[in-house]
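# Structural description and commentary
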Amino acid sequence: MSMYEFVRASRAIVNGPLFRSSRLKWERSQFLSPQNLGAHFGVYRDFAEAWRALPQSPGFNTDALVHEYVDVRTKRVFEYDYAIMHWLEGAFRMGATHVLDIGGSVGVHYYAYRRYLTMPAGLTWEIVEVPEIAAIGRQLARTNSAKALHFTTDLQAALSSSAEVWLSCGAIQYFEDAYPATLLALSAKRPAHILLNKLPLHNGEAFVTTQNLGFGSFSPVHIFDRCRFVRAIEAQGYKLEDCWDVHERSMYIPGHPTRSFATFSGLYFVDTGKVGVPAQAPTTSPASR
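What this report covers is the structure whose coordinates are included nearby. These numbers were taken from a predicted model, which means no experiment stands behind them. (Residues numbered from 1 in each chain as written. Predicted model: local features only at pLDDT ≥ 70, side-chain atom pairs only at ≥ 80, totals over all residues. Heavy atoms only, no water.)

### Examining the packing of aromatic side chains
The tally for this structure, following the rule as stated, stands at eight aromatic pairs. For the ring pair F78 and Y80, a centre distance of 5.5 Å and an interplane angle of 15° mean the geometry is stacked. In this structure Y80 comes out as buried when scored by relative accessible area, which is 7%. Aromatic pair W87 and Y268: ring centres 4.5 Å apart, planes at 25°, arrangement stacked. Linking W87 in helix 5 (residues 81-93) with Y268 in strand 11 (residues 264-270), this pair joins segments that are 181 residues apart in sequence. With respect to class, W87 is no different from Y268; both count as buried. (Phe/Tyr/Trp six-rings, centres within 6.5 Å; stacked < 30°, edge-to-face > 60°. Buried < 20%, exposed > 50% of the residue type's maximum accessible area, 1.4 Å probe, protein only. Helix = DSSP H or I, 4+ residues; strand = E, 2+ residues; numbered from the N terminus.)

### Concerning the side chain of D271
For D271, the position within the fold is in the loop between strand 11 and helix 11 (272-275). Owing to a relative accessible area of 8%, D271 belongs among the buried residues under this scheme. In terms of polar contacts, D271 uses its side chain to reach the side chain of R190, at 3.4 Å. (Polar contact = N/O pair within 3.5 Å; in protein donor to acceptor, adjacent residues only side chain to side chain.)

### With respect to the nonpolar core
By size, the foremost hydrophobic cluster in this structure holds 48 residues, and its most contacted members are L88, Y110, Y113, W125 and L149. With seven residues, helix 5 is the largest single contributor of residues to this core. (Core = buried A, V, L, I, M, F, W, Y, C linked by side-chain atoms within 4.5 Å.)

### Re the sheet that holds strand 7 (residues 201-202)
Sheet strands pair via backbone hydrogen bonds, and the direction of the pair is either parallel or antiparallel. Pairing in this open sheet of four strands is mixed, and the strands run 1-8-9-7 from one edge to the other. Looking at strand neighbours, the two that pair on one side only are strand 1 (40-44) and strand 7, the edges of this open sheet. Strand direction decides the pairing type here: strand 8 (residues 207-214) and strand 9 (residues 217-225), joined by seven bridges, are antiparallel. What sits directly across from Q211, in strand 9, is S219. Against the sheet, helix 10 (residues 226-234) touches strand 7 and strand 9, its axis set at about 75° to strand 9. (Pairing = 2+ DSSP bridges. Contact = heavy atoms within 4.5 Å. Axes fitted to C-alpha atoms, helices over the stretch in contact; angles between N-to-C directions.)

### Here we look at the environment of L37
By secondary structure assignment, the location of L37 is in the loop between helix 2 (17-32) and strand 1. On the accessibility criterion, L37 (59% relative accessible area) is exposed. When the C-alpha positions of L37 and F218 are compared, they lie 9.6 Å apart, and in sequence the two are 181 residues distant. Every residue in contact with L37, bar those within four places of it in the chain, is listed here: N212, L213 and G214.

### Side note on the side chain of R226
Tracing the backbone shows R226 in helix 10. Of the side chains with opposite charge, D245 comes closest to the buried, unpaired R226, at an N-O distance of 5.4 Å. Among the polar contacts made by the side chain of R226, one reaches the side chain of S265 at a distance of 3.1 Å. (Lys, Arg positive; Asp, Glu negative; His and termini not counted. Salt bridge = Lys/Arg side-chain N within 4 Å of Asp/Glu carboxyl O.)

### Considerations on unusual backbone geometry
In this model, S105 sits at a positive phi of 55°, which is unusual for a non-glycine residue. Positionally, S105 belongs in the loop between strand 2 (98-102) and helix 6 (108-113). Although it is not a glycine, K198 sits at a positive phi angle of roughly 55°. Note that K198 resides in strand 6 (residues 193-199).

### Focus on the pairing of strand 3 (residues 124-128)
The buried fraction of strand 3 is high, at four of five residues. Here strand 2 runs beside strand 3; their pairing, made up of five bridges, is parallel. Directly across from H98, in strand 3, lies its bridge partner T124. As a crossover connection, the stretch from strand 2 through helix 6 into strand 3 is right-handed. Strand direction decides the pairing type here: strand 3 and strand 4 (residues 149-152), joined by four bridges, are parallel. Bridging from a neighbouring strand, I127 pairs with F151 of strand 4. Remark: the strand 3/helix 7 (residues 131-143)/strand 4 crossover connection has right-handed handedness. (Right-handed = clockwise from strand over helix to strand, strands pointing away.)

### Some details on the pairing of strand 2
With respect to burial, strand 2 is a largely interior element, five of its five residues being buried. By the alternation rule, side chains of strand 2 split into H98, L100 and I102 and V99 and D101, which are all buried. With three bridges joining them, strand 2 and strand 5 (residues 165-169) adopt parallel strand pairing. The partner of L100 across the bridge, within strand 5, is W166.

Structure representation (structure tokens):
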């Protein structure tokens, strides 16, 4: 037997049913360790079941999670930001002056993007966040004279705003009831533009997993059925104008290879009744739908 065949056979035994229970117990212990920041574990029906499987923690409602955002993400953009910046700039050119940023942390997108985009006069950039992060965001905005930034902890109240742009980057999957199609049905005024980034979309049924956020915090996470997610928004009268792969994010769930996937996704929807059909972005690569 060659070394390659030996390694393949060994992996098949370790990953087989005989050792599955022991392996998953070990994987869970690794998932819960402080060193495993960003790791995922488990497949659950809903948030309630996922929370029962987790140790008690504050989730995102802790200032320990803010430091990277204040020190790093307010000051630079990443590869996955460029498609968002392109379409956001287009929305501003079409007259948008109000952004609803769902899960926008301390204002990371506003601070990072304003270095490269011309923000409209009278811009309102409203952020929905948990109380601890919103409080830090308000203080940071005062320190930086960022008068455009406003913070709320009430997502339902924010839906009554007149925002022309809804933005959410790597956040809505952590809200228990934040499916965009559901929020659109509840909103007082429909946005003309919907920009979603770092979404865990896969080609299969939706489910919930859990994530180690670091600093002793954990959270359930929605994993969305790609087709149903897109079609539900389109059913509200929107057109999927652009989509792209987010290679910096992937999903590995121990023991569930068919529910793991290599890349997250970004989506841009427009209400063509309000804005027509924008020009395509030359720099984005469409993801498979």
